[in-house]
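Remarks on the overall topology
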Amino acid sequence: GDSVTQMEGPVTLSEEAFLTINCTYTATGYPSLFWYVQYPGEGLQLLLKATKADDKGSNKGFEATYRKETTSFHLEKGSVQVSDSAVYFCALSASGSRLTFGEGTQLTVNP
Amino acid sequence: DAGVIQSPRHEVTEMGQEVTLRCKPISGHNSLFWYRQTMMRGLELLIYFNNNVPIDDSGMPEDRFSAKMPNASFSTLKIQPSEPRDSAVYFCASRGLSSYEQYFGPGTRLTVT
């Protein structure tokens, strides 16, 4: 079945550091890939998406590139801020209906 | 737009009691999803509806759980009887036709003592 594997957390960084959160997936066909973010006490929000190979999703300084050859969709940001502290979820949709989520990665950014 | 609305935001109940969680999806959205989030198991899809019809309920843990969507603007998730292991945050999400994005509600934090 479909699955998503994220790097283990938690991740703690200083402000302005470079961020990478690894995500790999297993799916049949050509899934769409997503990063969702969950701030404390809130529901998940879509951060960015990519629907086909080599697409780059970007939003709020975050980027992720759909790499079919490595079945990966790593999240990156060049300079994190304290306000980026949250839980980040990688997800895929292979059928166009349900989402399959990774385990989530807790990010804490210290001033 | 008010977004996905869930009620209550917090629920504390005793083991054996019936619990009903409510969700109002975004107007015009035709798909609705119920998720459960725990530290141990992460985010799990319980059930989802398309056009008010349950499509996949394979994630519903057991017969104590049931979900309904009587119309396009309302859904319920019921647990009867509740158990301490049902303690979790329950999220509702909705999605529009031909859209990839699911919009999540703020969640209901359920504590069963």
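Throughout this description, residue numbers start from 1 for each chain and increase along the sequence as written. Chain letters and ligand numbers both follow the written order, the letters beginning at A and the numbers at 1. This being a predicted model, a pLDDT of at least 70 is required before a residue's local features are given, and a value of 80 or more before pairs of side-chain atoms are given or counted; all residues contribute to the totals for chains, interfaces and linings. Calculated side-chain values reflect all of the structure's heavy atoms, with hydrogen atoms and water omitted.

For the rest of this paragraph, the subject is the side chain of B:Q37. Numbering of helices and strands runs from the N terminus; a helix is a DSSP stretch of H or I covering at least four residues, while a strand is a stretch of E covering at least two. Assignment of secondary structure puts B:Q37 in strand β4 (residues 31–38). Exposure classes here rest on a 1.4 Å probe applied to the protein chains alone. A residue is buried below 20% of its type maximum, exposed above 50%, and partly exposed in between. Here B:Q37 falls in the buried class, since its relative accessible area comes to 17%. Pairs of residues are marked as contacts when any of their non-hydrogen atoms sit within 4.5 Å. Beyond its immediate sequence surroundings of up to four residues, B:Q37 is in contact with A:Q38, A:F89, B:G42, B:L43, B:A88, B:V89 and B:F91.

Let's shift gears to the pairing of strand β1 (residues 3–6) of chain A. All names here are of chain A. The alternating pattern of β1 places V4 and Q6 on a buried face, while none of S3 and T5, on the opposite face, is buried. Only when DSSP finds a minimum of two bridges between them are two strands counted as paired. With four bridges joining them, β1 and strand β4 (residues 23–26) adopt antiparallel strand pairing. What sits directly across from V4, in β4, is Y25.

So, about unusual backbone geometry. Cis geometry is found at the peptide bond from B:S7 to B:P8, where omega equals -10°. Take B:P8: it is sitting in the loop between β1 (5–7) and β2 (10–13). The linkage connecting B:Q80 with the following residue, B:P81, adopts the cis geometry, with an omega of -10°. As for its placement among the helices and strands, B:P81 is situated in the loop between β8 (74–79) and β9 (88–95). Although it is not a glycine, A:K60 adopts a positive phi angle of roughly 55°.

Residues and elements named next belong to chain A. Read from one edge to the other, the open sheet built from four strands follows the order β3-β9-β8-β7, with strand pairing classed as antiparallel. Whereas interior strands pair on both sides, the edge strands pair on one side only; in this sheet they are β3 (19–21) and β7 (56–59). Between one strand axis and the next, the sheet turns through 15° on average, direction left out of account. Here three bridges tie β3 to strand β9 (residues 75–77), and the two strands are oriented antiparallel to one another. Of the residues in β9, the one forming a bridge with L19 is K77. Only C-alpha atoms enter the line fits that serve as axes; for helices the fit covers just the stretch in contact. Angles between N-to-C directions range over 0 to 180 degrees.

What follows deals with the state of the cysteines. In this description, a disulfide is simply a cysteine sulfur pair whose atoms lie within 2.5 Å. On inspection of all chains with the given rule, the structure shows two disulfides over all chains. The disulfide partner of A:C23 is A:C90, and the gap between their sulfur atoms is 1.9 Å. On the S-S bond that ties A:C23 to A:C90, the torsion sits near -70°, and the link is left-handed. Taken together, the residues span a long stretch of sequence, with A:C23 in strand β4 and A:C90 in strand β10 (residues 86–93) at a distance of 67 residues. A relative accessible area of 1% places A:C23 in the buried class. Each disulfide pairs two cysteine sulfurs, and for B:C23 the partner residue is B:C92, the sulfurs being separated by 1.9 Å. Here the S-S torsion is close to -65°, and the disulfide linking B:C23 with B:C92 is therefore left-handed. Taken as a pair, B:C23 in strand β3 (residues 19–24) and B:C92 in strand β9 lie far apart in primary sequence, 69 residues in all. As far as burial versus exposure is concerned, B:C23 and B:C92 are alike and both buried.

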